[in-house]
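# Commentary on secondary and tertiary structure
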Amino acid sequence: IFSIIVMLTQGLKPEFFLQPEARFSRIGDGTAVVSGFNTGWIFGKKLMIGGTSFSTNYGIEPNMTLATGDSKAEFRYRGGMIGWQFKSMGIVKPSISTVIGRGKLTSLGTTAGASGTVLADRFWVFEPMANLNIKVTKWGSLSLGGGYRFTTGGEYNGFDKNDLKSPTARIGFTLGSW
């Protein structure tokens, strides 16, 4: 795969991009705002390659009650990102992207005498998305998108991979090449 990417990008001037964003999805029986960013390079104004990092900074609402009785849980994932930008149509440019990475669901101890992280489970994430980028300036665009977060991995205190799978909506701002 790496050699294919090198071949496709040979001779193309890479342009840096940064996409801070918020993603809205379901986790268990609650909803969560998962905030973070994508960053990397755009080759030939089309191929996007980079990394990503997202987490629930404000928890999951309503708070999840885990099998241990703990109700404060955090969800995060990081990984690689690859995408493709299509030809712009005026001020609108469609794109597709996917995140492939690893995540963690952790529980903070709320029982008497316990403190800090009690348990954590790791899982894999695959999150394809379709996006519309609306040009705001020469160097930035409003990004709107939708997709689905697939997960696979272990079970965590009564939560399993199916509790983390969810449709996802996103809003963000792309700083970088148009």
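Scroll up to find the structure.
This report concerns the structure included in the present document. (Residues numbered from 1 in each chain as written. Predicted model: local features only at pLDDT ≥ 70, side-chain atom pairs only at ≥ 80, totals over all residues. Heavy atoms only, no water.)

### Some words on the packing of aromatic side chains
Taken as a whole and judged by the stated rule, the model has 4 aromatic pairs. With centroids separated by 6.0 Å and ring planes inclined at 35 degrees, the aromatic side chains of Phe-126 and Phe-150 adopt a geometry described as tilted. Placement of Phe-126 in strand β6 (residues 117-137) and of Phe-150 in strand β7 (residues 140-153) is noted, with a sequence separation of 24 residues between them. Classification of Phe-126 as partly exposed rests on a relative accessible area of 37%. (Phe/Tyr/Trp six-rings, centres within 6.5 Å; stacked < 30°, edge-to-face > 60°. Helix = DSSP H or I, 4+ residues; strand = E, 2+ residues; numbered from the N terminus. Buried < 20%, exposed > 50% of the residue type's maximum accessible area, 1.4 Å probe, protein only.)

### With respect to the nonpolar core
Core analysis: the biggest nonpolar cluster contains 15 residues, and Val-34, Phe-75, Tyr-77 and Phe-123 have the highest contact counts within it. Every element with two or more residues in this core is listed here: β1 (14-27), β2 (30-43), β3 (47-55), β4 (72-85), β5 (92-108) and β6. Excluding its chain neighbours within four sequence positions, the residues that come into contact with Tyr-77 are Arg-23, Val-34, Thr-52, Ser-53, Phe-54, Val-99, Arg-102, Gly-103, Val-125, Glu-127 and Arg-149. (Core = buried A, V, L, I, M, F, W, Y, C linked by side-chain atoms within 4.5 Å. Contact = heavy atoms within 4.5 Å.)

### Examining the environment of Phe-17
When you line up the elements, Phe-17 lands in strand β1. Given the relative accessible area of 0%, Phe-17 is considered buried. Taking the C-alpha atoms as reference points, Phe-17 and Ile-49, separated by 32 residues in sequence, lie 9.7 Å from one another. Not counting residues within four places of it along the chain, the set of residues in contact with Phe-17 comprises Asn-38, Thr-39, Gly-40, Trp-41, Ile-42, Met-48, Ile-49, Met-81, Leu-175 and Gly-176.

### Thoughts on the pattern of salt bridges
Close approach of charged atoms allows side chains with opposite charge to pair. Applying the stated rule across the entire model yields 4 salt bridges. Note that Lys-45 is salt-bridged to Glu-15, the shortest N-O span being 3.4 Å. On the criterion of sequence distance, the pair formed by Lys-45 in the loop between β2 and β3 and Glu-15 in strand β1 is long-range, its members being 30 residues apart. A salt bridge links Glu-21 to Arg-23, with the shortest nitrogen-to-oxygen separation between them at 2.5 Å. Since its relative accessible area comes to 6%, Glu-21 is described here as buried. Residue class for Arg-23 comes out buried when judged on its relative accessible area of 3%. Linked through salt bridges whose partners overlap, the residues forming this network are Glu-21, Arg-23, Glu-127 and Arg-170. (Salt bridge = Lys/Arg side-chain N within 4 Å of Asp/Glu carboxyl O.)

### Some remarks on the environment of Trp-41
Structurally, Trp-41 is set in strand β2. Look at Trp-41 and you get partly exposed, because its relative accessible area is 45%. In this structure the C-alpha to C-alpha distance between Trp-41 and Leu-18, which are 23 residues apart in sequence, comes to 8.7 Å.

### Describing the side chain of Thr-56
As for its placement among the helices and strands, Thr-56 is situated in the loop between β3 and β4. Residues within four places of Thr-56 in sequence aside, it is in contact with Ile-27, Ala-32, Val-33, Val-34, Glu-74 and Phe-75.

### A closer look at the side chain of Ser-143
Assignment of secondary structure puts Ser-143 in strand β7. In terms of polar contacts, Ser-143 uses its side chain to reach the side chain of Thr-174, at 2.7 Å. (Polar contact = N/O pair within 3.5 Å; in protein donor to acceptor, adjacent residues only side chain to side chain.)

### Structural notes on the environment of Pro-128
Checked against the element boundaries, Pro-128 lands in strand β6. Looking at Pro-128, the relative accessible area reads 27%, which means it is partly exposed. Separated by 19 residues in sequence, Pro-128 and Gly-147 place their C-alpha atoms 5.6 Å apart. Those residues in contact with Pro-128 that sit more than four places away from it in its chain are Ser-97, Thr-98, Gly-147, Tyr-148 and Phe-150.

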